[in-house]
Amino acid sequence: MSEQATLDGELVTVPFGQSETESAVRDRFRALRDEYGPENVLVLTGSPTSMGTFEDLLRDEVPGAGVPRVSSLVVHATDVVNMVTDETILSDTLRRELVHRFLADTEWQTEYFQRAAELDSFAGDIAQLMETATWQDVDLDRTPELIEVQSVIDEFHAWLAEHDHIERGQLISTALDHLADPDDRDVVVDVDAVLAVEFEEFFPLDRRYLAALTAELDLVCVREQDSSVRRTGIETGPVTEHVSLTAREGEASSSPSSRPEATAQYLATGRVPIDPGAGDVTVLHAESGEAQLDEIADEIERLRETQGWQYSDFAVALGHGGEAVSETIHALTQAGVPTESTTVTGFGDDPAIRELLQVTKYYAVRAETETEFTVDSGAVDEGLLSTIQAEEDTIADVLRRWATASGLKDRIASRASPLDARSQFGNVRRAFAMAEFLEDTAFIDASWPVYAEMLERAHEHAESETRTSATDLDGGVRVDHVQAVKNGSWRAVFIPDVIDQAYPGNPFLTRLFPQERVLQMPDFPGVTDVTASEVQDTFRTNSTASSQPITQYHVEQSRRRLAIGANAASQRLYFCLYEHEDGALDEKVQPSRFLTDAYRQLPWVQDESENAIRSERRAEEFVLSRVDRALADVRRTQSRDMTVSLDDLSGDLGEIHRVLGESGERGEAMREALQARVDFAAGRVRRE
């Protein structure tokens, strides 16, 4: 159990539900606003990804053109550090680069790590564990291997301090030290009251920071029951077991206003609510994981056409972040659906970054280096590159000159959609910032080979989760993991991979050690050892009988993640699943046990017909595939003892041509595609 924190303030507990939380937050903000004025009330969220949600929620509570003061714990800590120190706060990309270089010179003492260090994935896995331990401010002091990791963390932070650098995981603990200094406190604290929302997700370090910040301020905390997914990953039980506050219950639970909300409530609490009658909960089926994302894209386009909704009315909530988010963004983009995310920048799939990487490698191969780089000579204008290098002095200046002289900026603006263009321009600025950092950092060689390695690593690891700030994009379909959509609201929310292999799936903490070994590490940063009573204290649901409490804990937390994703839907909720795994074995997968249970308990959960044609793209695919099947049937009559009904085929094709004839230019384009299919089947290949 974590250390008990004492806070001088009021704790408001509300039952699970989007509307319950919103109502409580509005009421408490109004009370503090009326007493102190809106400019003197700070709203603190548990996560940076929730800042925009609560800004929008409270915007109308501030008179005139004013806006509510909303920050997250880590963003507020960033402001504190920036106001009182000159330390350079490393971005996620730069932190990854420096820890990579630091670990390259580390000599491991334990035999286990000496062997593991030979694996390609070792550096990334150790870096991830170091980052997690730093964010949680935990001491790895009981397990021999983890004691060595703690020693490396301390050495890394000391190395950064020598050069006036700080990683983002140190922000809250560093800002906490400054809040304890009366002189610094007078500089950084300029409010009279703090409203802490998402309090159920505050880590032990977060609670200590809040206590220091509000030592002389009025404090109100709002906690939603049965909804903690972030904090319960590192400590068990409700947050009330770990903090001392004047408790005050919120309003009595009201009935859910929509079927998505009722479904989320059932998943979170196990209670079966009365059918609200409004909204829809639908299960989308597909043959494969890839086809599942096509189904999602089709349904988005159908709702846009039939309901007049915008892309920003949709969200796709995944069980995990990082690479899964990146792959979903890529698939939807390929289907013509614009996306946005608060946890993935799109750096790894950006054509502008790929072009800058080719430019960088061009210069790197001409420098004296042992590192080999492969350059696509056709991707860059070598004459222009030679001219630019002769006229510019620094790496950053060369890259900026290329972006202008080569027309890169113009190509981004003219070829990309407004949302994609904003993303690409942001990524290009990140590449420039990396070059500037390299040139300003005395302990790293500012050369083209070094910068090429840095940019290539950033490109390869672009799916890493952004912990501290949200990408400043809006207008597309929101794609994030479920924790990042918590407390947000969209008209339609899609939850992919609602299969038993994902919900609950298997617990995963790290690749550094076997799972059995991790569960025996009492100081590992995460829940690894729980009792049956602790499982019951943390979750009210009981989804799987298991003799191992840690297994039960994981299952119930997975169910809660699914509830959080469902709770973000206001009108339509889609559980998405597929029949077979992608791959040579074509393994069949099973629907999630949580979804199977919801089928039995919630009559409004309905299947969407697998054969339904819900979008123009699906209609095109159906028409073309119908022609392909007809031609294949006719060909098979030549080699097999079978017959086909030419009357039926003629009727189908005639009906298709009739519809195409009534569809204007789009129909004519489809007619040409159909004719091309027929020509190809007959061996006539056209090359217009």
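Residues numbered from 1 in each chain as written. Predicted model: local features only at pLDDT ≥ 70, side-chain atom pairs only at ≥ 80, totals over all residues. Heavy atoms only, no water.

**Looking at the overall build of the protein**
Then comes step 1: Of regular secondary structure, the protein possesses 27 helices and 15 strands.
Then comes step 2: When each of the 688 residues of the protein is scored for burial, the buried share is 52%.
Then comes step 3: In the protein, of all internal contacts separated by at least 6 residues, the share reaching a separation of at least 24 is 75%.
Then comes step 4: Put simply, the protein shows about 31,800 Å² of open surface, and 45% of that area lies on carbon and sulfur atoms. (Helix = DSSP H or I, 4+ residues; strand = E, 2+ residues; numbered from the N terminus. Buried < 20%, exposed > 50% of the residue type's maximum accessible area, 1.4 Å probe, protein only. Contact = heavy atoms within 4.5 Å. Areas by Shrake-Rupley, 256 points an atom, 1.4 Å probe, with all protein chains shown as cover.)

**Quick word on the sheet that holds strand β14 (residues 569-578)**
Then comes step 1: Strands sit in the order β11-β12-β10-β13-β14-β9-β15 across an open sheet of 7 strands; the sheet is parallel. Each edge of the open sheet carries a strand with a single partner, namely β11 (339-340) and β15 (605-607).
Then comes step 2: Across 4 bridges, strand β10 (residues 314-318) lies against strand β12 (residues 477-481) in parallel orientation. Counterpart to A315 in the pairing with β12 is R478.
Then comes step 3: Sheet strands in contact with helix α23 (residues 549-567) are β10, β13 (490-495) and β14, and its direction is about 135 degrees off that of β14.
Then comes step 4: Contacting β9 (280-286), β14 and β15, helix α24 (residues 593-601) runs over the sheet at an angle of about 105 degrees to β15. (Pairing = 2+ DSSP bridges. Axes fitted to C-alpha atoms, helices over the stretch in contact; angles between N-to-C directions.)

**What to know about a negative patch on the surface**
Then comes step 1: A cluster of acidic side chains, namely D139, D141, D154 and E155, defines a negative patch on the protein surface.
Then comes step 2: Mapped onto the fold, D141 is located in the loop between α6 (122-136) and α7 (144-162).
Then comes step 3: Its relative accessible area of 47% is what places D141 among the partly exposed residues. (Patch = residues over 30% accessible without salt bridge, like charges linked within 9 Å, V, L, I, M, F, W, Y side chains within 5 Å. Salt bridge = Lys/Arg side-chain N within 4 Å of Asp/Glu carboxyl O. Lys, Arg positive; Asp, Glu negative; His and termini not counted. Charge placed at Lys NZ, Arg CZ, Asp CG, Glu CD.)

**Some details on the pattern of salt bridges**
Then comes step 1: Applying the stated criterion to the full structure yields 33 salt bridges.
Then comes step 2: Residues E61 and R33 are paired through a salt bridge, measuring 3.5 Å at the closest nitrogen-oxygen approach. Here E61 is found in the loop between α2 (51-58) and β3 (69-72), whereas its partner R33 is found in helix α1 (residues 18-36), with 28 residues between them in sequence.
Then comes step 3: For E61, a relative accessible area of 11% translates into the label buried.
Then comes step 4: Here E201 and K486 are joined by a salt bridge, their closest N and O atoms 2.8 Å apart. With E201 in the loop between β6 (193-196) and α10 (204-213) and K486 in the loop between α20 (482-485) and β13, this pair connects stretches of sequence that are 285 residues apart.
Then comes step 5: Overlapping salt bridges, with partners in common, bring together D27, R30, R33, D34 and E61 in one network.

**Quick notes on the pairing of β13**
Then comes step 1: The element β13 is extensively covered by neighbouring structure, given that 5 of its 6 residues are classed as buried.
Then comes step 2: Of the pairings in the sheet, the one linking β10 to β13 comprises 3 bridges and is parallel in character. Bridging across to β13, V316 finds its partner in F494.
Then comes step 3: Bridge count for β13 against β14 is 5 bridges, and the pairing is parallel. Bridge pairing in β14 links W490 to A569.

**Description of the packing of α1 against α2**
Then comes step 1: Two numbers describe how α1 lies on α2: the axes approach to 10 Å, and their chain directions differ by 65 degrees. As α1 runs across α2, the sense of the crossing is right-handed. Contacts between α1 and α2 involve E22, V25, R26 and F29 from the first element and F54, L57 and L58 from the second.
Then comes step 2: For the contact of α1 with α2, the residue count by class is 5 nonpolar, no polar and 2 charged. (Left-handed = near helix turned anticlockwise from the far one by under 90°. Nonpolar A, V, L, I, M, F, W, Y, C, P; charged D, E, K, R; others polar.)

**Brief notes about the side chain of Q557**
Then comes step 1: By the element assignment, Q557 lies in helix α23.
Then comes step 2: Relative accessible area serves as the criterion here: at 12%, Q557 is assigned to the buried category.
Then comes step 3: Here Q557 is in contact with V229, T232, G233 and F539, once residues within four sequence places are set aside.

**Here we look at the packing of aromatic side chains**
Here a ring pair, both rings aromatic, is described through the centre-centre distance and the interplanar angle of the planes.
Then comes step 1: Throughout the structure, instances matching the rule amount to 17 aromatic pairs.
Then comes step 2: Centroid distance F199 to F202: 5.1 Å. Interplanar angle 55 degrees. Geometry classified as tilted. We note that F199, like F202, is buried.
Then comes step 3: Three or more aromatic residues joined by ring pairs form one cluster here, namely W108, Y112, F113, F122 and F513.
Then comes step 4: Lying over the aromatic face of Y311, R304 brings its terminal NZ or CZ to 3.8 Å of the ring centre. (Phe/Tyr/Trp six-rings, centres within 6.5 Å; stacked < 30°, edge-to-face > 60°. Lys NZ or Arg CZ within 6 Å of the ring centre and 35° of its normal.)

**Some thoughts on the nonpolar core**
Then comes step 1: Of all hydrophobic cores here, the largest spans 63 residues; its most connected members are L103, I126, M130, L399 and Y451.
Then comes step 2: Residues within four places of L399 in sequence aside, it is in contact with L356, V359, T360, F432, A435, W448 and Y451.
Then comes step 3: With 38 residues, the next largest nonpolar core counts V229, A268, W490 and A563 among its residues. (Core = buried A, V, L, I, M, F, W, Y, C linked by side-chain atoms within 4.5 Å.)

**Section: α1**
Then comes step 1: Its 19 residues give α1 an end-to-end C-alpha distance of 27 Å, which sits within 8% of 27 Å, the value for a rise of 1.5 Å per residue.
Then comes step 2: Within α1, burial applies to Q18, E20, T21, A24, V25, R28, F29, L32 and R33.
Then comes step 3: Phi turns positive, to about 90 degrees, at G37, one or two residues after α1. (Expected span 1.5 Å × (residues − 1).)

**Looking at unusual backbone geometry**
Then comes step 1: Omega for the bond connecting Y503 with P504 falls within 30 degrees of zero, at 15 degrees, which places this linkage in the cis form.
Then comes step 2: Here P504 is to be found in the loop between β13 and α21 (515-518).
Then comes step 3: Backbone geometry places N487, a non-glycine residue, at a positive phi of 70 degrees.
Then comes step 4: As for its position among the elements, N487 is in the loop between α20 and β13.
Then comes step 5: Look at N487 and you get buried, because its relative accessible area is 9%.

**Digging into the pairing of strand β7 (residues 218-224)**
Then comes step 1: Of all 7 residues making up β7, 6 are buried, and the element is well covered by its neighbours.
Then comes step 2: As defined by bridge partners, β6 adjoins β7 across 4 bridges and the pair is classed as parallel. Within β7, the residue paired with A193 across the bridge is D218.
Then comes step 3: With α10 bridging β6 and the parallel β7, this β-α-β connection has right-handed handedness. (Right-handed = clockwise from strand over helix to strand, strands pointing away.)

**Quick word on helix α14 (residues 351-365)**
Then comes step 1: For α14, spanning 15 residues, the distance from its first C-alpha to its last is 21 Å, which sits close to the expected 21 Å at 1.5 Å a residue.
Then comes step 2: Counting buried positions over the 15 residues of α14 gives 12, a clear majority of the element.
Then comes step 3: Burial in α14 covers these residues: A352, I353, E355, L356, L357, Q358, V359, T360, K361, Y362, Y363 and A364.

**Considering the side chain of T263**
Then comes step 1: For T263, the position within the fold is in helix α11 (residues 259-269).
Then comes step 2: The class for T263 is buried, based on a relative accessible area of 0%.
Then comes step 3: Within the structure, T263 has its side chain in polar contact with the backbone oxygen of R259 (distance 2.8 Å). (Polar contact = N/O pair within 3.5 Å; in protein donor to acceptor, adjacent residues only side chain to side chain.)

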